[in-house]
Every structure is written in structure tokens, then in C-alpha cells.
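Architecture at a glance
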Amino acid sequence: MSERGTRRVVVTGLGAVSSAGMGADEFTASIRAGRRTTSAVRSFDTTGFPHVHAGEVHDFEPRRWLRGIDPGQWGRSSQFAASAARLAVEDAGLAADDLARGRAGSVMGTTSGESAVIEELVGAWAADGLKSLPPDLVGSAPAGRIAAAVNSELGLSGEALTLATACSASNYALGYAFDMVAGGDADYMLAGGADSLNRWAHAGFYRLGALAEEICRPFDADRSGILTAEGGVALLLEPYERAVARGARIYAEVLGYSVNCDAEHMVHPDPTSIAACIRAAHRSAGVEPEQIDYICAHGTGTRTNDATEVAAARAVFGDRIPPISSIKSMIGHTMGAASGFGALICCRALYDGFLPPTAGVERTDPDLGPGVDPVPGRARPAQPRIVENHGFAFGGNNAITILGRVA
């Protein structure tokens, strides 16, 4: 957990590569409309799978977005991360040279790293033996290349760190970047995450019984599981004073964060440790529970996750649980990028004035207890001032960020 540093830290740029669109504006418009963007998988053979829907980024052309690196030398997850970072920098009104001349770096989260590359290598190995593996493809496999792609694309000389804390990784990255900027170790940091769709993760969630057939409907009485997904997301962080001095658009202030790991169970979330993480995030941000206006939930759509998440929130907020919604109902579970997309939509909710919705909720599960408002259907006009963004992962890795509107 981080205590507040010596500098205020704000978000001035947002970048998204997702099934819901390219760039923060397309992504936000799709989420506000409650538009489902999951579809039948095209990127791998789904023969034998009863469930074949996912949040796939169709028609992604990295050469359209990337100017500093050759996409052919990098895996799909790295391409997502670098493209999202390029979009975030442009959204912030900065030139890449502005960052390259300063103290700037990146920290990106992931679950499976370059999973599509690894899957291709395994297929080649199984078919023709170890010596058949293309050296260039082997070289693009390390997960650490995801953040390296961001730095290489933008010419950054600062830290390039990839964090592999699975589905909470982007919140870990955001917290790390916050510490770097708040403590004066960097003037700009790009934080987010990236993962690419792959057959083995799809198969794994199916074998766990956690995969929905076609629709992910968090908090609904008839919810049946997740949809796997892919994408890349990046947020540009800088000191408040620097942003004001250059006349930047400020989406939100990063007020604080918390991380913990209960290691209680491989896949079952623990409400006690999640509640402890929420309380610690509030302390880090210097806020009280009653000041939280909205929760961007981890909200996977499995029966266990949603019930556990609401129970943890109830332990902290009592009978006044803030509106709590899940964008996974529209884009699927983007794994290591998930809480990064949550942070992006939280920033836009604070800046534009709305509450993100949960699509597909026909009847809020009564077993979740009274007072649960998943903002069903479409975005709701509102003026949230402080919001809470959840990220949870297998193994009990929890990470929560708190963001606030800048007056």
C-alpha cells in the first residue's frame, strides 16, 4: 500500500485497444450505450468448444497506430500495449518527444504475457520438434516485452516494468506508476495492461465451469460466468502542477491505492481480505466510505465472484453500498488489462459525468441482499466525485485504486 507522496498525481491521457473500439472516445461511447461487443471467436479454431464467444479485437491493424516499432518483431499483447500507449500520449496532447526528453517510463500488467506467441511456439514444437522454432518468434515470447514495447514505441528511457499479477495487474501497475510520479522518481508514467485471446485460457475457464455460453451478465440472478477477452489499455500519469502548467485536460486525480494477497485459495476470492484491501485503499486516499460515489466492480459474472465482491463491499459500506457495475458485461474479461479498462472508464465517468452500466441485467440477484444497484442497461447521468476501481485475481491478489474528480 502506498501512502500519499509529495506530489499530486493526475491522469491526462487515455488509450484503449478493445472490442469496444480504438481510443478512449470510441470505448467510452460504447460502454455508455451498454453495447455488448463480444462475438464468436475468429482467432483460433473453436471446434469442440460448446462455448465460443469472447471479447475479441477484430481487424486490428497495428501498423496504423505504431510508428516507433516494427509490429512484426513484437507479439500481439505488446502490439496492444504499445498502441494503447501511443493513443494515450496523443490524447494527452503530448508529442512522444516530450516524454522521451523527460523522465518517463511504463508499467504494464498482464495475465498470460504473449500467450498467442507461446501457443504458436507450442504448436510448432509439437509438430516438428524444438529445432523448428523460428528464432524471431522465440525472441518475442517473454512477457517483459509488453512494457518494453511501450518504451520502444515512444522512445522512453525510464523504467519498463511488466507485472504479472493476473487479473488485478493493471491496478497494481497504476499504483506503482502513482508511487513513481508522486515520489518524484518520474515526471510521466504510462500504466495499464495487455493480454491477447488464446485457446488454452478459453479452455481453462471452460474446464473450471466459469465460462458463459454467450452472454456475461454480472449481478443478474441468471448469471453463468465470464467471457474471455483481449485488449490493451494505457493511462498517462503526471504531476498535477505540470499538467496545470501546460494546460492539459485532467480526467481525474489518483488519490491512492492498496494491494494485498491472502493466498487463501487458488481461485475462490476471500471477502475478508477484499474488505481489508478496500479499507486500506480508503486510508491511502484519505477518504471515508461515505465519500465513495461509485464502484467499478471486478464483476466477472460468476456466481462466486459477484457474491463475494458484494459481501466485501457490504462489510465496508454497510447498508449504503454505492452503485456498483461491471463493464465486463460488454467487453468480456480482458485479464491483465481488466482493471486498466476499469480505471479508464472511471476517469471518463468523473470527467464526463455518468455512471457506467452493467449490460444484460434483467433481475438483480436477490441473494446478493438489499441495496445492490448494478446500474442496469445504459449509463446513468451523475456527477461522481470519488470512485473506487476493483481488481481481483486468482491466488488472492487484490488491488484497488481510488480516483477523484479535479475541481
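Everything numeric here is computed off the predicted structure, so don't read it as measured data.

Section: the nonpolar core
Ranked by size, the top nonpolar core spans 49 residues in total, and within it Phe27, Leu235 and Leu237 carry the most contacts. No fewer than three residues from each of domain 1 (9-245) and domain 2 (256-404) sit in this core. Filtering out sequence-adjacent residues up to four positions away, Leu235 remains in contact with Val11, Gly13, Leu14, Leu174, Met189, Leu190, Ala191, Gly340, Ala343, Leu344 and Cys347. If you look at the next biggest cluster of nonpolar residues, it comprises 28 residues, including Ala81, Ala88, Ala96 and Met108.

Notes on the state of the cysteines
Cysteine pairs can be linked by a disulfide, which is a covalent bond between their two sulfur atoms. This structure, assessed with the given rule, holds zero disulfides. Looking at Cys277, it has no disulfide partner, and the nearest cysteine sulfur is the one in Cys261, 10 Å off. On the basis of relative accessibility, which here comes to 0%, the residue Cys277 falls in the buried class. Of all cysteine sulfurs in the structure, the one in Cys346 sits closest to Cys296, which takes part in no disulfide; the separation is 4.3 Å. Assessed through its relative accessible area of 1%, Cys296 is described here as buried.

Overview of a nonpolar patch on the surface
Residues Leu208, Met266, Val267 and Phe394 make up a contiguous nonpolar surface patch of about 380 Å² in total accessible area. Along the chain, Val267 turns up in the loop between strand S9 (252-261) and helix H10 (271-285). Judged by its relative accessible area of 35%, Val267 is partly exposed.

Focus on the pairing of strand S5 (residues 104-109)
Each regular strand displays side chains that alternate between the two surfaces of the sheet. Within S5, six of the six residues are buried, which leaves the element mostly enclosed by the surrounding structure. As paired elements, S5 and strand S7 (residues 188-195) share six bridges and run parallel to each other. Within S7, the position partnered with Ala104 by the bridge is Tyr188. The sheet contact formed by S5 and strand S6 (residues 160-163) spans four bridges and is parallel. The residue bridging Val107 from the neighbouring strand is Leu161, located in S6.

Focus: the packing of helix H1 (residues 23-32) against helix H13 (residues 338-353)
With their axes 11 Å apart at the nearest point, H1 and H13 run at an angle of 80° to one another. Considering the angle they form, H1 stands roughly perpendicular to H13. Contact residues: H1 offers Ala24, Asp25, Phe27, Thr28, Ile31 and Arg32, while H13 offers Phe341, Leu344, Ile345, Arg348, Asp352 and Gly353. Per-class residue counts for the contact of H1 with H13 are six nonpolar, two polar and four charged.

A word on the packing of aromatic side chains
What the rule picks out here adds up to six aromatic pairs. Taking the centre distance of 6.3 Å and the plane angle of 65° together, the rings of Phe44 and Phe49 count as edge-to-face. Neither Phe44 nor Phe49 differs from the other in exposure class; each is buried. Aromatic side chains Tyr251 and Tyr351 sit 5.2 Å apart centroid to centroid with 70° between the ring planes, which places their arrangement in the edge-to-face category. One end of the pair, Tyr251, is in the loop between helix H9 (240-245) and S9; the other, Tyr351, is in helix H13, and 100 residues separate them in sequence. A relative accessible area of 2% means that Tyr251 is categorised as buried. The lysine or arginine in question, Arg8, covers the ring of Tyr240, its NZ or CZ lying 4.0 Å from the ring centre. One cation-aromatic arrangement involves Arg145 over Trp74; the distance from NZ or CZ to the ring centre is 3.9 Å.

Examining the domain arrangement of the protein
Each domain of the protein was delimited in the assignment, giving domain 1 (9-245) and domain 2 (256-404). A separation of 21 Å is found between the C-alpha centroids of domain 1 and domain 2. Contacts between domain 1 and domain 2 engage 62 residues on the former and 67 residues on the latter. The contact between domain 1 and domain 2 buries some 4800 Å² in all, and 65% of this surface belongs to carbon and sulfur atoms. The largest per-residue losses of area from domain 1 upon contact with domain 2 belong to Asn171, Phe219 and Arg223, which jointly make up 18% of the total buried on that side. Summed over the shared surface of domain 1 and domain 2, the number is four salt bridges. Residues Arg223 and Asp306 are paired through a salt bridge, measuring 3.3 Å at the closest nitrogen-oxygen approach. Across the domain 1-domain 2 interface, the total number found is 28 residue pairs in polar contact (both at pLDDT 80 or more).

Rules and cut-offs
- Residues numbered from 1 in each chain as written.
- Predicted model: local features only at pLDDT ≥ 70, side-chain atom pairs only at ≥ 80, totals over all residues.
- Heavy atoms only, no water.
- Core = buried A, V, L, I, M, F, W, Y, C linked by side-chain atoms within 4.5 Å.
- Buried < 20%, exposed > 50% of the residue type's maximum accessible area, 1.4 Å probe, protein only.
- Domains from an automatic or database assignment.
- Contact = heavy atoms within 4.5 Å.
- Disulfide = S-S within 2.5 Å.
- Patch = residues over 30% accessible without salt bridge, like charges linked within 9 Å, V, L, I, M, F, W, Y side chains within 5 Å.
- Areas by Shrake-Rupley, 256 points an atom, 1.4 Å probe, with all protein chains shown as cover.
- Salt bridge = Lys/Arg side-chain N within 4 Å of Asp/Glu carboxyl O.
- Helix = DSSP H or I, 4+ residues; strand = E, 2+ residues; numbered from the N terminus.
- Pairing = 2+ DSSP bridges.
- Axes fitted to C-alpha atoms, helices over the stretch in contact; angles between N-to-C directions.
- Parallel < 35°, antiparallel > 145°, perpendicular 65-115°, else oblique.
- Nonpolar A, V, L, I, M, F, W, Y, C, P; charged D, E, K, R; others polar.
- Phe/Tyr/Trp six-rings, centres within 6.5 Å; stacked < 30°, edge-to-face > 60°.
- Lys NZ or Arg CZ within 6 Å of the ring centre and 35° of its normal.
- Buried area = accessible area lost by both parts, 1.4 Å probe.
- Polar contact = N/O pair within 3.5 Å; in protein donor to acceptor, adjacent residues only side chain to side chain.

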